[in-house]
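For reference, the chains in residue letters:
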Amino acid sequence: MGRMADVVALVLAGGRGSRLAPLTDHRSKPAVPLAGSFSLIDATLSNLANSGLRTVWIAEQYRPGELNRHLAGGRPWDLDGTREGLRVLPPRQGGEGDGFTAGNGHAIYQNLQDLEAVGARDVVVVSADHLYQLDFGPVLQQHAELGSDVTVVTTEVQEDPSRHGVVQLEGDRVAEYAYKPSDPAGSRVATEVFVFSVAALREACDTLVGPGSDGEELADYGDTILPHMVAHGRVHSFDLRGYWRDLGTIDAYFQAHMELIEGRGIDLFDPAWPLMTNLAGAPPARVRPGARVDGSLLCPGADVAGEVSHSLIGPGVRVERGAVVNRSVLSGDAVVPAGAHLESVIADRGARIPAGRTGATKPGPGNITVLVP
């Protein structure tokens, strides 16, 4: 497999995440709460740390303040080393523009020279808004054994594949890659987890980028870099056979939490593959006399006196006697007053929850009720 010291993980964490609004109106998408006690980026960083990858770069752009406070220099994931560890990459300035990227392909190109400068042989490129558990060791081993220019981690999806990059395979070779096609030819998609050979990535970018350009034309790698490398290089698939979900929309975010509550999502309780985070101290969850709790997840600091079913109750959430919470995600620091009845509601940290009924019992797509501060 080679030495992990030759591998850099580049986490793309700069997107605005408009499809997750209003949860992303005041924070970047990777900082959005996950399962109450965590943030979206924790799944990605935990996979990297549990896999033994020690050099992790995080490319930021949109509203990074809350994310940076959460990252705490990498300490929660043991990534606060001197030579190895976590490096935050702010927008690149110095040219005529404002330093913001034109897409994730442009973001990769902006950091390509630094990857070469540190002697990286391979770069693991991951997004920060997907929920899965993956050991990168076997991925890197296959990448080395096959001499791949790119390894694309792929999976089969049940939902609409047109939201993703759809791949066609010949054995383990990626024969075709179509980014968000209107008429997808199959249901195997790229999980937005890639291993690039840095040398092959440089060759592809130099071919695609015009003279004197800063790489803006690379835009999103699904439209530029990946199709080019599939057509001209050695690109192989690594099959992810476990749970995977893109959390880029409110519907997907809500469904992922329902799956966590039902035990069909990632394993939050696996001691061999812990989901790590920047923990804040909180007292034990309290279930008061007369409360009713069924099929739910209660985070430390939750205080339940009312009725809770099939829901996630985050840190600092108080459900008063006479309140009913069903199929809802309450991220933290909120009061559900007596007389409130929540159905299929997402409440952000600090949201004000009104008395009375909120939400639909069986909401359709795009109709989840979201409460924010």
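On a predicted model such as this, the values are computed, not experimentally measured, just so you know.

A short note on the overall build of the protein
Line of reasoning, step 1. When helices and strands are tallied, the protein shows 8 helices and 27 strands.
Line of reasoning, step 2. Taking 373 residues into account, the globule formula puts the C-alpha radius of gyration at 21 Å, and the protein, at 21 Å, falls close to it.
Line of reasoning, step 3. Dimensions of the protein, computed from C-alpha atoms along their principal axes, come out at roughly 65 × 45 × 45 Å.
Line of reasoning, step 4. Counting every position in the protein, which comprises 373 residues, the buried fraction comes to 53%.
Line of reasoning, step 5. Pairs at least 24 residues apart make up 58% of the contacts formed inside the protein by residues separated by at least 6 positions.
Line of reasoning, step 6. Accessible surface, the protein as shown: approximately 15800 Å² in total, 47% of it carbon and sulfur.
Line of reasoning, step 7. Computing the positive centroid from 32 side-chain charges and the negative centroid from 46, the protein places the two 8 Å apart.

Quick word on the sheet that holds strand E19 (residues 312–313)
Line of reasoning, step 1. Taken in spatial order, the 5 strands line up as E16-E19-E22-E25-E27 in an open sheet, and their pairing is parallel. Edge positions in the sheet fall to strand E16 (297–298) and strand E27 (369–371), since each has one partner strand and no second.
Line of reasoning, step 2. Here 2 bridges tie E16 to E19, and the two strands are oriented parallel to one another. Along E19, the bridge assignment pairs Leu298 with Ile313.

Quick look at the packing of aromatic side chains
What describes a pair of aromatic rings is the distance from one ring centre to the other and the angle between the planes of the rings.
Line of reasoning, step 1. Within this structure, the stated rule accounts for 2 aromatic pairs.
Line of reasoning, step 2. Between Phe194 and Tyr221 the ring centres are 5.1 Å apart and the planes differ by 75 degrees, which places this aromatic pair in the edge-to-face class. Residue Phe194 is found in strand E11 (residues 188–197), and its partner Tyr221 is found in the loop between helix H6 (198–208) and helix H7 (225–232); the two are separated by 27 residues along the sequence.
Line of reasoning, step 3. A relative accessible area of 1% means that Phe194 is categorised as buried.
Line of reasoning, step 4. Among the aromatic residues, those joined into a ring-pair cluster are Phe194, Phe196 and Tyr221.

Here we look at unusual backbone geometry
Line of reasoning, step 1. Residue Pro22 is bonded to the preceding Ala21 through a cis peptide linkage, with omega at 10 degrees.
Line of reasoning, step 2. Here Pro22 is to be found in the loop between strand E1 (7–12) and strand E2 (33–34).
Line of reasoning, step 3. Of note, Asp78 is a non-glycine position whose phi angle comes to about 55 degrees, a positive value.
Line of reasoning, step 4. You will see that Arg327, though not glycine, has its phi angle at about 45 degrees, which is positive.

Quick notes on the pairing of strand E10 (residues 173–179)
Line of reasoning, step 1. Across 6 bridges, strand E9 (residues 165–170) lies against E10 in antiparallel orientation. Looking at E10, one finds that Val166 is bridged to Ala178.
Line of reasoning, step 2. Where E9 hands over to E10, the hairpin turn is made up of 2 residues, of which Gly171 adopts a positive phi near 70 degrees.

Topic: the packing of H6 against H7
In a packed pair of helices, the relevant descriptors are the angle between the two axes and the axis-to-axis distance.
Line of reasoning, step 1. In the contact formed by H6 and H7, the axes pass within 10 Å of each other and the chain directions differ by 110 degrees. Taken together, the axis directions place H6 and H7 in an arrangement best described as roughly perpendicular. In the crossing of H6 with H7, the sense of the turn from one axis to the other is right-handed. Between H6 and H7, the residues in contact are Ala200, Leu201, Ala204, Cys205, Thr207 and Leu208 and Ile225, His228 and Met229, respectively.
Line of reasoning, step 2. A breakdown of the residues in the contact of H6 with H7 according to their chemical character gives 7 nonpolar, 2 polar and no charged.

Focus on the sheet that holds strand E17 (residues 303–304)
Line of reasoning, step 1. Read from one edge to the other, the open sheet built from 4 strands follows the order E14-E17-E20-E23, with strand pairing classed as parallel. Both outer strands of the open sheet, strand E14 (286–287) and strand E23 (335–336), are each paired with one neighbouring strand and no more.
Line of reasoning, step 2. Note that strand E20 (residues 318–319) and E23 share 2 bridges and pair parallel. If you follow Arg318 over to E23, its bridge partner there is Val335.

Topic: the side chain of Thr44
Line of reasoning, step 1. Note on placement: Thr44 falls in helix H1 (residues 40–50).
Line of reasoning, step 2. Of the residues examined, Thr44 reaches a relative accessible area of 1% and is grouped as buried.
Line of reasoning, step 3. Beyond its immediate stretch of four places on either side in the chain, Thr44 contacts Val11, Val126, Ser127, Ala128, His130 and Tyr132.

With respect to the side chain of Ser148
Line of reasoning, step 1. Inspection of the secondary structure puts Ser148 in the loop between helix H5 (136–146) and strand E8 (150–156).
Line of reasoning, step 2. Here His236 takes part through its side chain, which lies 2.7 Å from a polar atom of the side chain of Ser148.
Line of reasoning, step 3. Excluding anything up to four places from it in sequence, Ser148 contacts His143, Ser197, Arg234 and His236.

Scoring rules and cut-offs
Residue positions within a chain follow its written sequence, with the count starting from 1. Reporting of local features is limited, given that this is a predicted model, to residues whose pLDDT is at least 70; pairs of side-chain atoms are given and counted only at 80 or more, and all residues count toward the totals for whole chains, interfaces and linings. Remark: hydrogens and water are excluded; side-chain values derive from all non-hydrogen atoms of the structure. Only runs of H or I of at least four residues qualify as helices and only runs of E of at least two qualify as strands under DSSP, and these elements are numbered from the N terminus. For this measure, only C-alpha atoms enter the radius of gyration; the expected value for a globule follows 2.2 Å times N^0.38, where N is the number of residues. The cut-offs for exposure are 20% and 50% of the maximum accessible area for each residue type, with area from a 1.4 Å probe on protein chains only; residues under the lower value are buried, those over the upper are exposed, and the others partly exposed. Should any heavy atoms of two residues lie within 4.5 Å, those residues are considered in contact. Using a 1.4 Å probe, the Shrake-Rupley method yields the accessible areas, and only the shown protein chains count as cover for residues. Counted as positive: Lys and Arg. Counted as negative: Asp and Glu, with His and the chain ends omitted from the count. Positions of charges follow a simple convention, taking NZ of Lys, CZ of Arg, CG of Asp or CD of Glu. Whether two strands pair comes down to DSSP finding at least two bridges between them. Here is the rule: rings of Phe, Tyr and Trp (six-membered ring for Trp) pair when centre to centre is within 6.5 Å. Planes less than 30 degrees apart are stacked, more than 60 are edge-to-face, and the remainder are tilted. All axes are obtained by fitting lines to C-alpha atoms, using only the stretch in contact for helices, and the reported angles, taken between N-to-C directions, cover 0 to 180 degrees. Under this scheme an angle from 65 to 115 degrees is roughly perpendicular, one under 35 degrees roughly parallel, and one over 145 degrees roughly antiparallel; angles in between are oblique. The handedness criterion is simple: a crossing whose near helix is rotated anticlockwise from the far helix by less than a right angle is left-handed, and one whose near helix is rotated clockwise is right-handed. Gly falls in the polar group here, along with every residue not listed as nonpolar (Ala, Val, Leu, Ile, Met, Phe, Trp, Tyr, Cys, Pro) or charged (Asp, Glu, Lys, Arg). Under the rule applied, a polar contact is a pair of N or O atoms within 3.5 Å (in protein, one hydrogen donor and one hydrogen acceptor; residues adjacent in sequence only if both atoms are side-chain atoms).

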